[in-house]
Amino acid sequence: MARPSEHGVTDAAPARAVPARVGGWLALALLIIVLDQLTKIYFNTAFQYGERVNILPFFDFTLVFNRGAAFSFLASEEGWQRWLFTGLGCVAAVVIVWMLRRTHGQPRFCLALTLILGGAIGNVIDRVVYGHVVDFLLFYWNDWQFPAFNLADVGITCGAVLLVLDELLRARKPQA
């Protein structure tokens, strides 16, 4: 019998247990993708590019496009970055699904991977369909503003934070 690693990854998982174990996480990732895409469709149709609607003294809805990665990294390039980030998102999705299939008994770790998976696929869909990522959430204070983002970005960020938290909590556990 194969021994699980620190995240419960084994090489010999029972074949019937895999679909049941992974199905719930994939359903959650699909929910994130659907919510992300529905909000992007709404803002793409209800707003003009660059339009802002004030919601709170520090928060606006807006419509902007990002041809780059986080914080508009490589956004000013000639267009090759669209396919680079699409490819990276697809590779990340495959690796995450593989990890989810091999991981069990670690709900926090699986949730983190699922959030990242849903966000990555949501942004890949944008890159394929529109050629850019649709962003619509804008936080600011006085003259400072955080780059606009979307629900896929929220999933990726929350998943990354949860991965760090999972690792910190796992590292603090006494070793058996």
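Residues numbered from 1 in each chain as written. Predicted model: local features only at pLDDT ≥ 70, side-chain atom pairs only at ≥ 80, totals over all residues. Heavy atoms only, no water.

(A) Structural detail: the overall build of the protein chain. A count of helices and strands for the protein chain gives four helices and four strands. Taken from the N to the C terminus, the helices and strands of the protein chain come in the order α-β-β-α-α-β-β-α. Per-residue burial over the protein chain gives 36% buried out of 176 residues. Put simply, 65% of the contacts in the protein chain that link residues at least 6 apart link residues at least 24 apart. Of the accessible surface of the protein chain, which amounts to about 10500 Å², a share of 68% is contributed by carbon and sulfur atoms. (Helix = DSSP H or I, 4+ residues; strand = E, 2+ residues; numbered from the N terminus. Buried < 20%, exposed > 50% of the residue type's maximum accessible area, 1.4 Å probe, protein only. Contact = heavy atoms within 4.5 Å. Areas by Shrake-Rupley, 256 points an atom, 1.4 Å probe, with all protein chains shown as cover.)

(B) Fine view of the UniProt feature "transmembrane region" (unreviewed entry) in the protein chain. Within this numbering scheme, the UniProt entry marks residues 22-43, 80-100, 109-125 and 145-165 as carrying the feature "transmembrane region" (unreviewed entry). The span residues 22-43 is 100% helix and 0% strand, and its two end C-alpha atoms sit 32 Å from each other. Here residues 109-125 is 100% helix and 0% strand, with 25 Å between the C-alpha atoms at its ends. (UniProt positions renumbered as here; feature names shortened; annotations may be inferred.)

(C) Summary view of the packing of aromatic side chains. With the rule as written, the count across this model stands at eleven aromatic pairs. Both rings, one in F58 and one in F139, keep their centres 6.3 Å apart while their planes meet at 20 degrees; by these two values the pair is stacked. Within this pair, whereas F58 is found in the loop between β1 (52-56) and β2 (59-66), its partner F139 is found in strand β3 (residues 133-141), the two being separated by 81 residues in sequence. A relative accessible area of 36% means that F58 is categorised as partly exposed. Taken together, the ring pairs in this structure connect Y42, F43, F47, F58, F59, F61, F136, F139, W144, F146 and F149 into an aromatic cluster. The ring of Y140 has R52 lying over it, and the distance from NZ or CZ to the ring centre is 5.2 Å. (Phe/Tyr/Trp six-rings, centres within 6.5 Å; stacked < 30°, edge-to-face > 60°. Lys NZ or Arg CZ within 6 Å of the ring centre and 35° of its normal.)

(D) Molecular detail of unusual backbone geometry. Although it is not a glycine, N142 adopts a positive phi angle of roughly 50 degrees. When its relative accessible area of 65% is taken as the criterion, N142 is described as exposed.

(E) Spotlight on the pattern of salt bridges. By the definition in use, this model includes five salt bridges. For K40, the salt bridge identified is with D126, shortest N-O distance 2.9 Å. Here K40, found in helix α1 (residues 17-46), pairs with D126, found in helix α3 (residues 107-129); they are 86 residues apart in sequence, far enough to count as distant. Considered together, K40 and D126 belong to a single accessibility category, that of buried residues. Between R108 and D166 there is a salt bridge, with its nearest N and O atoms 3.2 Å apart. Here the residue R108 occupies a position in helix α3, and D166 occupies one in helix α4 (residues 151-172), the gap between them amounting to 58 residues. Here D166 falls in the buried class, since its relative accessible area comes to 1%. Residues joined in a network through salt bridges with shared partners are D36, K40 and D126. (Salt bridge = Lys/Arg side-chain N within 4 Å of Asp/Glu carboxyl O.)

(F) Region of interest: the side chain of D36. If you trace the backbone, D36 turns up in helix α1. We classify D36 as buried; its relative accessible area is 0%. Setting aside chain neighbours within four positions, we find D36 in contact with G122, N123, N150, L151 and A152.

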